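# Observations on chain architecture
The chain contents come next:
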Amino acid sequence: MIEVGVIEEAGAAEVALDPIRARLLGLLAEPHSATSLAAVVGLPRQKVNYHLKTLEAHGLVELVEERRKGNVTERVMRATAASFVISPTALSAVQPDPERSPDRLSARWLLALAARLVKETGQLITGAARAGKPLATFALDGTVRFASAADRAAFTQELTAAVAALVGRYHDEQAPGGRDHRVIVAIHPKISEKES
């Protein structure tokens, strides 16, 4: 089981967003049969089995083992990922595009950038998995507490200058065999535990 699965197809997103199936996906972080899940969620085994087959058809759950119990073969399933994120690709007609209105100070532009990050990273993960190759990525996450709005503005100016200097130092437009990489730096207020 992988840590985070990316749902790229509209049909799979629709299936995963159904409340019963979403609950089953959460429970399937651990292997279960339709019978054991039915006892937990309070639904008939046949109904749970129907939902499991739908989830399986979209690659959201997988068979772990089959057990014979008398005349019946019990299928033990688990989710293909511990958690899932839905790529904007699943909503291709309405997916955000940061190129439409680039505004470095807009929260909506930040959200469009984040959506593009999910979309592109999901596609890269899928491609790397198909090719059986590792994917080279890097992420940095941290928290900074500003004493004032002026300090926040000064920080963003210094950060912009530092990143621009690094990009200027390492970017080589003429590098044979080189590959472009996206650099995204975001600053937003952190949501406190009370707010989430």
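Worth saying up front: this structure is predicted, and the values here are computed from it rather than measured.

## With respect to the layout of surface pockets
Here the second largest pocket defines a volume of roughly 440 Å³. In this structure, the second largest pocket is lined by 17 residues; those nearest its centre are Ile-2, Gly-5, Val-6, Glu-8 and Thr-126. Going through the elements one at a time, strand 1 (2-7), strand 5 (81-86) and helix 5 (107-131) are the ones with two or more residues in the lining of the second largest pocket. Taken together, the residues of the lining of the second largest pocket break down into nine nonpolar, five polar and three charged.

## Topic: a nonpolar patch on the surface
There is a patch of nonpolar side chains on the surface, built from Leu-124, Ile-125 and Leu-135 and spanning about 210 Å² of accessible area. Overall, the relative accessible area of 31% leaves Leu-135 in the partly exposed class.

## Thoughts on the nonpolar core
One broad rule of soluble globular proteins: the nonpolar side chains tend to lie buried together. Counting residues in each nonpolar core, the largest one holds 20 residues, and the members touching the most others are Leu-25, Leu-28, Val-48, Leu-52, Leu-55 and Leu-60. Of all the secondary-structure elements, those providing two or more residues to this core are helix 1 (10-17), helix 2 (19-27), helix 3 (34-41), helix 4 (45-57) and strand 4 (72-79).

## Structural notes on the confidence of the model for the protein chain
For residues with low pLDDT, the predicted coordinates do not support detailed interpretation. Considering every residue of the protein chain, the mean pLDDT works out to 90; 99% of them sit at 70 or more. Confidence, expressed as mean pLDDT per element, reaches its minimum in the protein chain at helix 5 with 87 and its maximum at helix 4 with 96.

## A look at the side chain of His-32
Note on placement: His-32 falls in strand 2 (residues 32-33). Among the polar contacts made by the side chain of His-32, one reaches the side chain of Ser-36 at a distance of 3.0 Å.

## Some points on the sheet that holds strand 4
The three strands lie next to each other as 2-4-3, forming an open sheet whose pairing is antiparallel. Both outer strands of the open sheet, strand 2 and strand 3 (61-69), are each paired with one neighbouring strand and no more.

## Things to note about helix 5
The end-to-end C-alpha distance of helix 5, which contains 25 residues, comes to 36 Å, matching closely the 36 Å that a straight helix rising 1.5 Å per residue would cover. Within the sequence span of helix 5, burial applies to Trp-109, Ala-112, Leu-113, Ala-115, Arg-116, Gly-122 and Ala-128. The inward-facing, buried residues of helix 5 contact strand 1. For helix 5, the capping residue at the N-terminal end is Ser-106, with a side-chain oxygen 3.2 Å from the backbone nitrogen of Arg-108. Immediately downstream of helix 5, the backbone of Gly-132 shows phi near 65°, a positive value.

## Things to note about the pattern of salt bridges
Enumeration according to the criterion identifies eight salt bridges in this entry. Among the salt bridges present, the one from Arg-75 reaches Glu-56, with a minimum N-O distance of 3.0 Å. Taken as a pair, Arg-75 in strand 4 and Glu-56 in helix 4 lie far apart in primary sequence, 19 residues in all. Exposure remark for Arg-75: the relative accessible area of 26% places this residue in the partly exposed category. One salt bridge in this structure joins Glu-99 and Arg-116, with 3.4 Å as the shortest N-O distance. Here Arg-116 lies in helix 5 and Glu-99 lies in the loop between strand 5 and helix 5, a separation of 17 residues in the sequence. Among the residues examined, Glu-99 registers a relative accessible area of 57% and is labelled exposed.

Parameters at a glance
Residues numbered from 1 in each chain as written. Predicted model: local features only at pLDDT ≥ 70, side-chain atom pairs only at ≥ 80, totals over all residues. Heavy atoms only, no water. 1 Å grid on protein atoms, 1.4 Å probe; cavity = no way out; pocket = protein on both sides within 12 Å on 5 of 7 lines; lining within 4 Å. Points joined across faces, edges and corners; volume = space filled by probe spheres on them. Helix = DSSP H or I, 4+ residues; strand = E, 2+ residues; numbered from the N terminus. Nonpolar A, V, L, I, M, F, W, Y, C, P; charged D, E, K, R; others polar. Patch = residues over 30% accessible without salt bridge, like charges linked within 9 Å, V, L, I, M, F, W, Y side chains within 5 Å. Areas by Shrake-Rupley, 256 points an atom, 1.4 Å probe, with all protein chains shown as cover. Salt bridge = Lys/Arg side-chain N within 4 Å of Asp/Glu carboxyl O. Buried < 20%, exposed > 50% of the residue type's maximum accessible area, 1.4 Å probe, protein only. Core = buried A, V, L, I, M, F, W, Y, C linked by side-chain atoms within 4.5 Å. pLDDT = per-residue confidence, 0-100. Polar contact = N/O pair within 3.5 Å; in protein donor to acceptor, adjacent residues only side chain to side chain. Pairing = 2+ DSSP bridges. Expected span 1.5 Å × (residues − 1). Contact = heavy atoms within 4.5 Å.

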